[in-house]
Amino acid sequence: MRPPILRIDPRDIDPELVKEAAHLINNRGLVAFPTETVYGLGADAMDPGAVSRIFEAKKRPLDDPLIVHVAAEKNLYELVETVPPEAKKLMERFWPGPLTLVLKKTMKVPDIVTTGLDTVAVRMPSNIIARELIKAAEVPIAAPSANLFGRPSPTTAQHVMDDLGDAVDMVIDGGRTEIGLESTVVAFTGGETVILRPGGISLEELRSVVKGIYVYTDSELAEKSPGKYPRHYSPRPRVVIVEESGRQIESTLSVVRDSIEGGYKVGIMSKQEHASSYMEFDHKILGPGDDGRTCASRLFHVLREFDTEGVDIIVAEALQERGIGLAVMDRLRKAAAPAA
Ligand code: TXA
Ligand code: MG
C-alpha cells in the first residue's frame, strides 16, 4: 500500500502534521523525513522492533550501523558515555548540521542500532522539519538515508517513493534537500580524530577546529570500520569517471564515442564550463567545476535522472577533490565501483 505523503512547508510548519508523524514514530512506525543532507528513514531509536523494520525496508545488511538523530545536546547524554574534547569542539562549531560523531555508547542504545558495536553514531540535523519531528516524538530517531541499500541517497520525497514506497508508513515531503549528500562521519580512536566518510562539512572546515584530523583511507576503513561496502550510491546505469586533466573534454568525448559505437545509450554528467562541447550528446550539467556545493546538491539527482531515462552508461567528469568536492568524488567513485 502506498503510504500517505504529508507536505510540510518548512517556512510555515503545521504542528498537527508533525504530531501525526511523531505518533507513528511512537508506535513502531517508519517515517521518511527530510534533513538538510538527504531524506532519512526514521524509527524510534530506543525500540529494537521499530529499528529492525528499517533494515527490512531498505534491504540493508545487519552489519551496517545506523545514525541516531537528536534535537538537543541534552538528549545526547542518554546515548553516549563520554564526549572527548575534540568532539565537544566540533559539536559547538557544527551542530546542528551535517556532521555525525561516533562516540562510546551507553547500555540504553539497542544493539541493533549499532550492529553490536560499542560506539554509536549521533547527529543533530539543522533541518527544521527533522528537528520538530524529533522534538514531538520525544525520542531520538534512528535514520539511515531513505533509499534501497546500494542506491543513490534520496534528495526528494519522490526519490523515497520510487525506492521504498510500499515499505514505509509515511513520507514527509519538505521539498528538495539543501546539501544533497550525506553528513561527514567523524570518529575518535586511539587519540586521533578521523573522518570515516567525507560529507557536508569539508575536511578544511573540520581542520579549522581540530588540526590533526584526516580522512581514513579505504584500507584503514576496511580494517576498522564495519558496514563499508565498496559499491554504493549506484544508479542502474554503469558509471565511468573521466579524471581531471588538461584533456578532460577530449577524453570524455572519446569514451562517449566508443560507448555509442558499442551500442550503448550514453549520458554525460559534466562541469558547466565544459557543457558546450557536449551539445550533440545527451548531457546534464552537475555544476561549475569549482563550485562543490552546487555539484553536491545535484549529484544524486542527476544520477537518478539518467537512471529513470534508461541510460546504459553515465560518463562523469571528475571534479577537484577540494572542499565538498572531496565528498562528491567519494560518492561518484563508489557509484562507479564494480559490483562486488
Ligand atoms: O546525512 C546523513 O548522514 C544521512 C541523514 C539521513 O542523516 N544519514 C545517512 O545514514 O547517511 P546512512 O545509514 O546511509 O549512513 C550511516 C553511516 C554509514 O557509513 C555507517 O557505516 C556509519 O554511518 N556508522 C554508523 N554508526 C557507526 C559506528 N558506530 N561506527 C562507525 N561508523 C558508523
Ligand atoms: Mg546511506
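My aim in this report is to walk through the structure given alongside it, one point at a time. Since the structure is predicted, the reported quantities are computational estimates derived from the model, not experimental observations. (Residues numbered from 1 in each chain as written. Chains lettered and ligands numbered in written order. Predicted model: local features only at pLDDT ≥ 70, side-chain atom pairs only at ≥ 80, totals over all residues. Heavy atoms only, no water.)

Position of His69 among the secondary structure elements: in strand E4 (residues 67-69). Residue class for His69 comes out buried when judged on its relative accessible area of 3%. At 3.4 Å, the side chain of His69 forms a polar contact with the backbone oxygen of Ile67. Apart from residues lying up to four places away in sequence, His69 is in contact with Arg123, Pro125, Ile134, Pro140, Ile141 and Ala143. (Helix = DSSP H or I, 4+ residues; strand = E, 2+ residues; numbered from the N terminus. Buried < 20%, exposed > 50% of the residue type's maximum accessible area, 1.4 Å probe, protein only. Polar contact = N/O pair within 3.5 Å; in protein donor to acceptor, adjacent residues only side chain to side chain. Contact = heavy atoms within 4.5 Å.)

All right, on to the pattern of salt bridges then. Tallied over the entire structure, the rule returns 26 salt bridges. Its salt-bridge partner being Arg333, residue Glu243 comes within 2.8 Å of it at the nearest N-O pair. One end of the pair, Glu243, is in the loop between strand E12 (238-242) and helix H9 (248-261); the other, Arg333, is in helix H11 (residues 325-336), with 90 residues separating them in the sequence. Assessed through its relative accessible area of 32%, Arg333 is described here as partly exposed. Where Glu305 meets Lys284, a salt bridge forms, and the shortest distance between an N and an O atom there is 3.6 Å. (Salt bridge = Lys/Arg side-chain N within 4 Å of Asp/Glu carboxyl O.)

Lining the immediate environment of ligand 1, one finds 24 residues, of which Thr37, Arg60, His69, Ser183 and Arg197 sit closest. In this structure, an oxygen atom belonging to ligand 1 sits 3.3 Å away from a side-chain N or O atom of Asp64. Between an oxygen atom of ligand 1 and a side-chain N or O atom of Arg123, the distance comes to 3.0 Å. For ligand 1, whose free accessible area comes to 690 Å², the fraction covered by protein is 95%. Counting residues per element, the ones that place at least two in the shell around ligand 1 are E4, strand E6 (119-123) and strand E10 (192-197). Considering each element in turn, the shell around ligand 1 owes the most residues, 3 residues, to E6. Among the residues making up the shell around ligand 1, the classes are represented as 12 nonpolar, 6 polar and 6 charged. (Near = heavy atom within 4 Å. Areas by Shrake-Rupley, 256 points an atom, 1.4 Å probe, with all protein chains shown as cover. Nonpolar A, V, L, I, M, F, W, Y, C, P; charged D, E, K, R; others polar.)

Leu41, Leu90, Leu99, Leu101, Val186 and Leu206 are the most contacted members of the largest nonpolar core, which totals 47 residues. Within the residue set of this core, elements represented by two or more residues are strand E3 (40-44), helix H2 (48-58), helix H3 (85-94), strand E5 (99-104), E6, helix H6 (157-164), strand E9 (184-189) and helix H7 (203-207). When neighbours within four sequence positions are excluded, Leu206 is seen to be in contact with Leu90, Phe94, Leu99, Thr184, Val186, Ile195, Ile201 and Ile213. The next biggest cluster of nonpolar side chains, apart from the first, holds 25 residues, and it includes Ile241, Ala296, Val311 and Ala316. (Core = buried A, V, L, I, M, F, W, Y, C linked by side-chain atoms within 4.5 Å.)

Turning next to the packing of helix H10 (residues 292-308) against H11. Running from N to C, H10 and H11 point in directions that differ by 20 degrees, and their axes come no closer than 8 Å. Considering the angle they form, H10 stands roughly parallel to H11. Between H10 and H11 the crossing geometry is left-handed. Of the residues in H11, those in contact with Gly292, Cys295, Ala296, Leu299, Phe300 and Leu303 of H10 are Gly325, Val328, Arg331, Leu332 and Ala335. (Axes fitted to C-alpha atoms, helices over the stretch in contact; angles between N-to-C directions. Parallel < 35°, antiparallel > 145°, perpendicular 65-115°, else oblique. Left-handed = near helix turned anticlockwise from the far one by under 90°.)

Let us now look at the sheet that holds strand E14 (residues 283-287). If you trace the 4 strands from one edge of the open sheet to the other, you get E12-E15-E13-E14, paired in parallel fashion. The open sheet has two edge strands with one neighbour each: E12 and E14. Within the sheet, the average angular offset between the axes of one strand and its neighbour, ignoring direction, is 25 degrees. Strand direction decides the pairing type here: strand E13 (residues 266-271) and strand E15 (residues 313-317), joined by 4 bridges, are parallel. In the sheet register, Val266 faces E15, and the bridge partner there is Ile313. Along the sheet face, H10 touches E13, E14 and E15 and points at about 155 degrees away from the line of E14. In this fold H11 packs onto E12, E13, E14 and E15, with an angle of close to 130 degrees to the strand it touches most, E12. (Pairing = 2+ DSSP bridges.)

Looking at H2, one finds that the buried residues are Ala50, Val51, Ile54, Phe55, Ala57 and Lys58. With its buried residues spanning 170 degrees around the axis, H2 presents them on a single face. For H2, the elements touching its buried residues are E3, helix H4 (111-114), strand E7 (141-142) and H6. Residue Asp47 occupies the N-cap position of H2, its side-chain oxygen lying 2.9 Å from the main-chain nitrogen of Gly49. (Arc of directions from axis to C-beta.)

We now examine unusual backbone geometry. A cis geometry characterises the amide bond from Trp95 onward to Pro96, with omega recorded as -10 degrees. Considering the arrangement of structural elements, one finds Pro96 in the loop between H3 and E5. Although it is not a glycine, Arg28 sits at a positive phi angle of roughly 65 degrees. With respect to the element layout, Arg28 can be found in the loop between helix H1 (15-25) and strand E2 (31-33). Positive phi, normally seen in glycine, also occurs at Glu138, with a value near 60 degrees. Note on placement: Glu138 falls in the loop between helix H5 (128-137) and E7.

Relative to the elements of secondary structure, Gly116 occurs in the loop between H4 and E6. Taking relative accessible area as the criterion, Gly116 reaches 54% and is therefore assigned exposed. Through-space distance from the C-alpha of Gly116 to that of Pro198 is 24 Å; in sequence the pair is 82 residues apart.

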